[in-house]
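The chain contents come next:
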Amino acid sequence: MKHESSTDIKKRQSSGGSLLPEGFQSLEPFIEKWGELYTADERYYARQTSTMEELQLFYSAASPFLNQSFEHLDTFSFGEDILPDSQARLLRLMFSLAEVSQAIEIFGQPTVPHTPIPHKAPTIEIF
Amino acid sequence: MSKSSLQEKNKRFPKASDFNLTQGYVDAENYTSPDIFEAECTEVFRKSWLCVGELKDLPETNSFIHKQVPPLKASIIVVRSDDGRLRAFYNICGHRAVPLVDDERGKATSFRCPYHGWVYNNRGDLRGLPCKEDFPHIKKHEHGLTSLSIDTWNGFMFVHIDAEPSETLIEFLGELGVAYKNLPLDKYRHGFRIKQIMGCNWKFMVNAFTEGYHLPFLHNKTLKTQTSTTDNPHVHYHDPRFMGPHFVSTLERNYEWVPSATVQLFALSVASPAHSHSTTGKNEERDIFTHPGVNPSKIENFMMDQVMIFPNTQIQLMINGYLIHQFWPVAVDKMVMETTIYSATRPESYREEFAAVYMQASGRDVVTEDSSMSILQQKNLRTGVVKKLYIGENEPNLRFFAQQLSKKIK
């Protein structure tokens, strides 16, 4: 997936390009913080270093779109790096929601209790 | 509670004393003494069969894996050689001790030392050395790679540092090897492996993964609701079985628990059946559950059999999936924990990929709850004021494990 800088994002916004699929535009303000995280490490770090208010803001905005997002995304064939940019961005937002929900739904605080911040994520190998 | 139901309960959750495990503490020095740590490495790890992976890690002839085995101070190569045989070697060139392999896995018919180009075939024979006329004192057939003994059980590969171990793998596994033979694990080929270094003695994490007493407290926001029931609020393990130095228990799940939070509910409803809380499903999808060795006490709300292979490998057999935890000592106050979680299928849609991402995050957080406690315990032991760590009647596995270790190192 191509990484865009925040200047690119601003440029596309001002020229009217669509950053997210139709119907998901209300999530655009969250792209800069939560839509450009590409790995589990990056998501975990962002969660740990955010305030509860930041996490709650994103969670409240994004969680109502969970079902709708996958109804939309699953109309595309599944595989790595084959989603169009705006769908890939939506998927990254939802992956961030999976991480942020641990703080909001489970712990009621940004981090795992009794754990130094930032806690280094373990290495994860998927096979 | 009536007398009969109390008796029934005591039968289901036997006390440590029922197994003659009467010592209710371990000396704190077992977690802080460099001498005891060294004794564990030499008397336990260097004298045990150690699990280093699974046959499915070596899918083809010439496949190899390269693995760190800290208590042996070694990195080893496990390879399916060109003659089809499984072999294990120290990852050490016979010339001047440089490691031959960096990659964690791959395929190779030979291993070439990056330093001076000595080359070995994948049966471990020295095949060539540049400027060989300058090494008249090296006879190739005497300078193959140093091997370890290797054998398999249920597809798990075990090594032993002795060329002729005093007991075979099957003898080492004993009763446990028989009770759990022919487990249907082969079809579980997808999943993920989590690996992390922790600043604590390895036994703290073994302890955390062999008792349920802490679940309603430490994991009160994570595992509690899924495991604690009105009948068994303190999550006693069912039916502890001690087999040689190994031990097994059965754990129950609270099937009345239904997630209510939006994202958790979505993820768990999509996640593969191995991780879901459903007891339904076709028998062929529940094949681990139907193995005769699993859940011998026939608990209806079965969650897993927790199989602890001494000294450092735990296999959790669930209804239709499994995972392995390995606890590797590195130093008296440092360990590596590796967890591999298997499922029969890989994600086939974006929502399934989301569920996998969710399970990885929540699994990591649960292990972090345990590792954070272990690290803090280790810190507090550095004060020197703690002389004993106490183990209750409800923690028979911990008493047994401590007893087995102390028998070997004294």
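Residues numbered from 1 in each chain as written. Chains lettered and ligands numbered in written order. Predicted model: local features only at pLDDT ≥ 70, side-chain atom pairs only at ≥ 80, totals over all residues. Heavy atoms only, no water.

Undergrad: What exactly am I supposed to notice about the packing of aromatic side chains here?
TA: Between two aromatic rings, the relevant description is the distance of the centres plus the angle of the planes. Under the counting rule described, the total for this entry stands at 25 aromatic pairs over all chains. Aromatic pair B:Phe209 and B:Phe327: ring centres 5.8 Å apart, planes at 50°, arrangement tilted. A residue pair is termed long-range when its members are at least 10 positions apart, and B:Phe209 in the loop between helix H4 (202-208) and helix H5 (215-218) and B:Phe327 in strand S17 (residues 321-331) qualify at 118 residues. Between B:Phe242 and B:Phe247, the ring centres sit 6.5 Å apart and the planes meet at 40°, which makes this aromatic pair tilted. By way of ring pairs, the aromatic residues B:Phe19, B:Phe45, B:Trp202, B:Phe242, B:Phe247, B:Phe310, B:Phe400 and B:Phe401 are connected into one cluster. The ring centre of A:Tyr44 lies 3.6 Å from the NZ or CZ of B:Arg364, which sits over that ring. One residue, B:Lys388, lies across the ring of B:Tyr25, its end atom 4.2 Å from the ring centre. (Phe/Tyr/Trp six-rings, centres within 6.5 Å; stacked < 30°, edge-to-face > 60°. Helix = DSSP H or I, 4+ residues; strand = E, 2+ residues; numbered from the N terminus. Lys NZ or Arg CZ within 6 Å of the ring centre and 35° of its normal.)

Undergrad: Whenever I open this one, the interface of chain A and chain B confuses me. Can you help?
TA: Interfaces are frequently sized by the accessible area removed from exposure as the parts join. Listed per partner, the contact involves 39 residues of chain A and 40 residues of chain B. Taken together, both faces of the contact between chain A and chain B bury some 3,500 Å²; the carbon and sulfur share is 62%. The largest share of the area that chain A buries against chain B comes from A:Phe78, A:Glu125 and A:Phe127, three residues that together contribute 22% of it. Inspection of the region where chain A meets chain B yields five salt bridges. (Contact = heavy atoms within 4.5 Å. Buried area = accessible area lost by both parts, 1.4 Å probe. Salt bridge = Lys/Arg side-chain N within 4 Å of Asp/Glu carboxyl O.)

Undergrad: Could you clarify how one ought to interpret the environment of B:His246 in this entry?
TA: Residue and element names in this part refer to chain B. One can find histidine 246 in strand S14 (residues 246-252). In this structure, the C-alpha to C-alpha distance between histidine 246 and glutamine 226, residues 20 residues apart in sequence, is 27 Å. When sequence neighbours within four positions are dropped, the list of residues in contact with histidine 246 reads Phe172, Leu173, Leu176, Arg241, Met308, Ile309, Phe310 and Phe400. Here phenylalanine 310 takes part through its backbone nitrogen, which lies 2.9 Å from a polar atom of the side chain of histidine 246. (Polar contact = N/O pair within 3.5 Å; in protein donor to acceptor, adjacent residues only side chain to side chain.)

Undergrad: I tried to follow the side chain of B:Arg241 on my own but got confused; where do I start?
TA: Residue and element names in this part refer to chain B. Within the secondary structure layout, arginine 241 lies in strand S13 (residues 238-243). Side-chain polar atoms of arginine 241 contact the side chain of tyrosine 180, separated by 3.0 Å. Filtering out sequence-adjacent residues up to four positions away, arginine 241 remains in contact with Tyr180, His246, Phe247, Val248, Ser249, Thr250, Gly293, Pro296 and Asp305.

Undergrad: What am I meant to see in the sheet that holds S13(B) here?
TA: Sheets are built from strands paired through backbone hydrogen bonds, the pairs being either parallel or antiparallel. Spatially, S1(A)-S12(B)-S18(B)-S17(B)-S16(B)-S15(B)-S14(B)-S13(B) is the arrangement adopted by the eight strands of the open sheet, whose pairing is antiparallel. Edge positions in the sheet fall to strand S1 (123-126) of chain A together with S13 of chain B, since each has one partner strand and no second. The sheet shows a mean angle of 15° between the axes of neighbouring strands, taken without regard to direction. By the bridge criterion, four bridges tie S1(A) to strand S12 (residues 190-198) of chain B in an arrangement that is antiparallel. When the bridges of S12(B) are listed, A:Ile124 appears paired with B:Ile194. (Pairing = 2+ DSSP bridges. Axes fitted to C-alpha atoms, helices over the stretch in contact; angles between N-to-C directions.)

Undergrad: For this particular structure, what's the right way to read empty space enclosed by the protein?
TA: To find leftover empty space, one rolls a probe the size of a water molecule over the atoms. All names here are of chain B. Tallied over the full model, the rule gives four cavities of 30 Å³ or more. Within this model, the largest cavity holds a volume of roughly 880 Å³. Per-element accounting of the lining of the largest cavity gives the leading share, nine residues, to helix H8 (residues 350-381). Residue composition of the lining of the largest cavity, by class: 23 nonpolar, 17 polar and six charged. In this structure, the second largest cavity occupies an estimated 130 Å³ of space. Surrounding the second largest cavity, 18 residues form its lining, His236, Tyr237, Asn394, Glu395 and Pro396 being those nearest its centre. Class assignment of the residues belonging to the lining of the second largest cavity gives a composition of seven nonpolar, seven polar and four charged. (1 Å grid on protein atoms, 1.4 Å probe; cavity = no way out; pocket = protein on both sides within 12 Å on 5 of 7 lines; lining within 4 Å. Points joined across faces, edges and corners; volume = space filled by probe spheres on them. Nonpolar A, V, L, I, M, F, W, Y, C, P; charged D, E, K, R; others polar.)

Undergrad: Explain the confidence of the model for chain A to me, please; I cannot follow it from the model alone.
TA: In regions of low pLDDT, the predicted coordinates are not meant to be interpreted in detail. Scored by pLDDT, chain A comes out at a mean of 90, with 87% of its residues at no less than 70. The low-confidence segment residues 10-16 of chain A (pLDDT under 50) makes eight contacts with residues lying over four places distant or belonging to another chain. (pLDDT = per-residue confidence, 0-100.)

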